[in-house]
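# Analysis of the macromolecular model
In case you want the letters, here they are:
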Amino acid sequence: MELKIQNQQQPPTIEITTNIPTYVDLCTLQYVYMMLVLHHRIFVTYQRYVWSIDINGAKYDGPHVLNSYMDFLPDNFSLSAAYQRPSGELVLFVRDVVYMVEYPSFKLKENWPKRLSSLGFPPNIFINTVVNTNKGQTYAIFNNNDVAQIDECNMGVRSYDSLQAVFLGIPSAPTLAFRYMDGNLHQITHRPIVRILERRYPLTVTGYKYLNIGINVKLPSYVTIILRDSHGKEIQLSPVIWRELLEQKHVILSLLQYDENNRGIRATPSPMYVGNLTLRFGRINNLPILRLETSTARLSMSKSTVLNIFNLEYCVNRLISSLRGC
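Residues numbered from 1 in each chain as written. Predicted model: local features only at pLDDT ≥ 70, side-chain atom pairs only at ≥ 80, totals over all residues. Heavy atoms only, no water.

## Observations regarding the confidence of the model for the protein chain
Residues of the protein chain with pLDDT of at least 70 account for 80%, and the chain-wide mean is 79. When mean pLDDT is taken per element in the protein chain, strand 8 (residues 114-115) scores highest with 96 and strand 14 (residues 185-189) scores lowest with 61. Counted against residues more than four places away or in other chains, residues 1-21, with its pLDDT under 50, gives 8 contacts. In the model, residues 260-265 has pLDDT below 50 throughout and makes 3 contacts with residues more than four positions away in sequence or in other chains. (pLDDT = per-residue confidence, 0-100. Helix = DSSP H or I, 4+ residues; strand = E, 2+ residues; numbered from the N terminus. Contact = heavy atoms within 4.5 Å.)

## Focus on the pattern of salt bridges
Under the criterion given, the structure shown has 10 salt bridges. Lys 109 is paired through a salt bridge with Glu 89; the nearest N and O atoms lie 3.8 Å apart. Remark: Glu 89 occurs in the loop between strand 5 (79-84) and strand 6 (90-94) and Lys 109 occurs in the loop between strand 7 (97-101) and strand 8; sequence separation between them is 20 residues. The exposure class assigned to Glu 89 is buried, which follows from its relative accessible area of 14%. Here Arg 291 ties to Glu 293 by a salt bridge, and the two come within 2.7 Å at their closest N and O atoms. Arg 291 gets classed as partly exposed once you look at its relative accessible area, which sits at 29%. On the accessibility criterion, Glu 293 (11% relative accessible area) is buried. Beyond isolated ion pairs, a larger network of salt bridges with shared partners links Arg 85, Glu 89, Lys 109 and Glu 152. (Salt bridge = Lys/Arg side-chain N within 4 Å of Asp/Glu carboxyl O. Buried < 20%, exposed > 50% of the residue type's maximum accessible area, 1.4 Å probe, protein only.)

## Structural notes on the nonpolar core
The biggest cluster of nonpolar side chains holds 34 residues, and the ones touching the most others in it are Leu 211, Ile 213, Leu 227, Leu 237, Ile 252, Leu 279 and Leu 290. Among residues more than four places away in sequence, those in contact with Ile 252 are Leu 245, Met 272, Leu 279, Phe 281, Leu 290, Val 306 and Phe 310. One finds Ala 81, Leu 119, Phe 121 and Ala 140 within the second-largest nonpolar core, a separate group that totals 18 residues. (Core = buried A, V, L, I, M, F, W, Y, C linked by side-chain atoms within 4.5 Å.)

## Quick notes on the sheet that holds strand 3 (residues 49-54)
In spatial order, the strands read 1-2-3-4; together these 4 strands make up an open sheet with antiparallel pairing. Edge positions in the sheet fall to strand 1 (34-38) and strand 4 (59-65), since each of these pairs with one other strand and no more. If you compare each strand with its neighbour and ignore which way they point, the axes differ by 20 degrees on average. (Pairing = 2+ DSSP bridges. Axes fitted to C-alpha atoms, helices over the stretch in contact; angles between N-to-C directions.)

## Concerning the packing of aromatic side chains
Per the stated rule, a full pass over the model turns up 8 aromatic pairs. Each member of the aromatic cluster is reached from another via a ring pair, and the members are Tyr 69, Tyr 103 and Phe 106. Stacked on the ring of Trp 112, the Lys or Arg Lys 114 has its end atom at 4.5 Å from the ring centre. (Phe/Tyr/Trp six-rings, centres within 6.5 Å; stacked < 30°, edge-to-face > 60°. Lys NZ or Arg CZ within 6 Å of the ring centre and 35° of its normal.)

## Looking at helix 3 (residues 239-247)
What sets the pattern is the α-helix's 3.6 residues per turn: residues three or four places apart point alike. Looking only at helix 3, the buried set comprises Pro 239, Ile 241, Trp 242, Leu 245 and Leu 246. Angularly, the buried residues of helix 3 cover 160 degrees about the axis, an arc narrow enough to put them on a single face. (Arc of directions from axis to C-beta.)

## A short note on helix 5 (residues 303-311)
The set of residues buried in helix 5 consists of Thr 305, Val 306, Ile 309 and Phe 310. Projected onto a plane normal to the axis of helix 5, the buried residues spread over an arc of 140 degrees and lie on a single side.

As structure tokens, then:
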């Protein structure tokens with residue numbers, strides 16, 4: 001038997017790579033760093049990892065290492081914010097450095113990166129989040145309560161304002177913001193829960209009140225239905241509570257039609273209780289209203305708004321089923 005030894009004088013080599021992550025499950029994360037919507041996909045980042053979520057199919061893949069796509073990023077970086085310019089490039093904020101990247105090639109643009117100070121930002125600030133509106137206006141929220149509008153022509157700060165002056169009703173210190181495909185802006189304050197794959201259904205003509213359905217990224221992840229108004233007040237409903245509300249639909253609607261009794265005294269119906277939710281019936285300016293109450297929030301709705309909620313029964317149930325299967 002002949003034994004052949006090749007490369008006898010050279011020791012074996014071991015290839016070491018830092019771009020292979022240990023598996024991180026998106027649905028077990030307590031929070032995420034950033035979200036960006038690009039061409040029917042949601043990109044979610046955590047540390048140096050990124051997931052790609054198919055909005056239409058409600059499926060995701062990953063994690064992938066951002067350095068694998070953009071090797072110009074530092075090894076131990078923290079992505080503060082990112083957005084897509086109207087011209088298509090991606091802008092990434094990493095501490096006090098800003099990168100402009102071609103998309104979808106992920107190549108760094110010439111003469112980039114740049115310091116925040118070179119774009120006109122004050123010294124020693126931290127970026128909370130950055131978002132580009134459907135009108136092409138770019139806003140960087142920094143130091144929790146300040147907003148800088150960025151001029152996309154010269155990539156510099158155009159003006160400063162307070163958070164409440166630009167985004168009325170938004171709580172201070174948002175940790176991330178993104179624009180969804182329908183043009184609506186979503187801003188999330190610091191909390192251990194982030195909602196993904198959300199759908200929004202307006203309940204009023206002006207959109208003052210609306211219904212959100214999505215997945216809460218928490219351990220464990222779960223589907224939630226949110227009744228919310230433009231002032232940030234919200235009532236959270238589990239799919240079980242939602243189903244019980246639907247079962248009481250006819251009772252609720254009939255109680256909203258109560259009228260004066262024979263003696264001319266208005267008889268207000270007694271409250272109803274569905275799980276941890278209390279339903280109180282009343283009138284404002286002689287119009288029937290329904291007030292939903294939990295231990296932490298209250299939300300009042302007119303009869304037409306309640307009807308709109310129940311009219312969404314089929315859409316909401318289908319969405320809940322699809323999200324549970326993702």
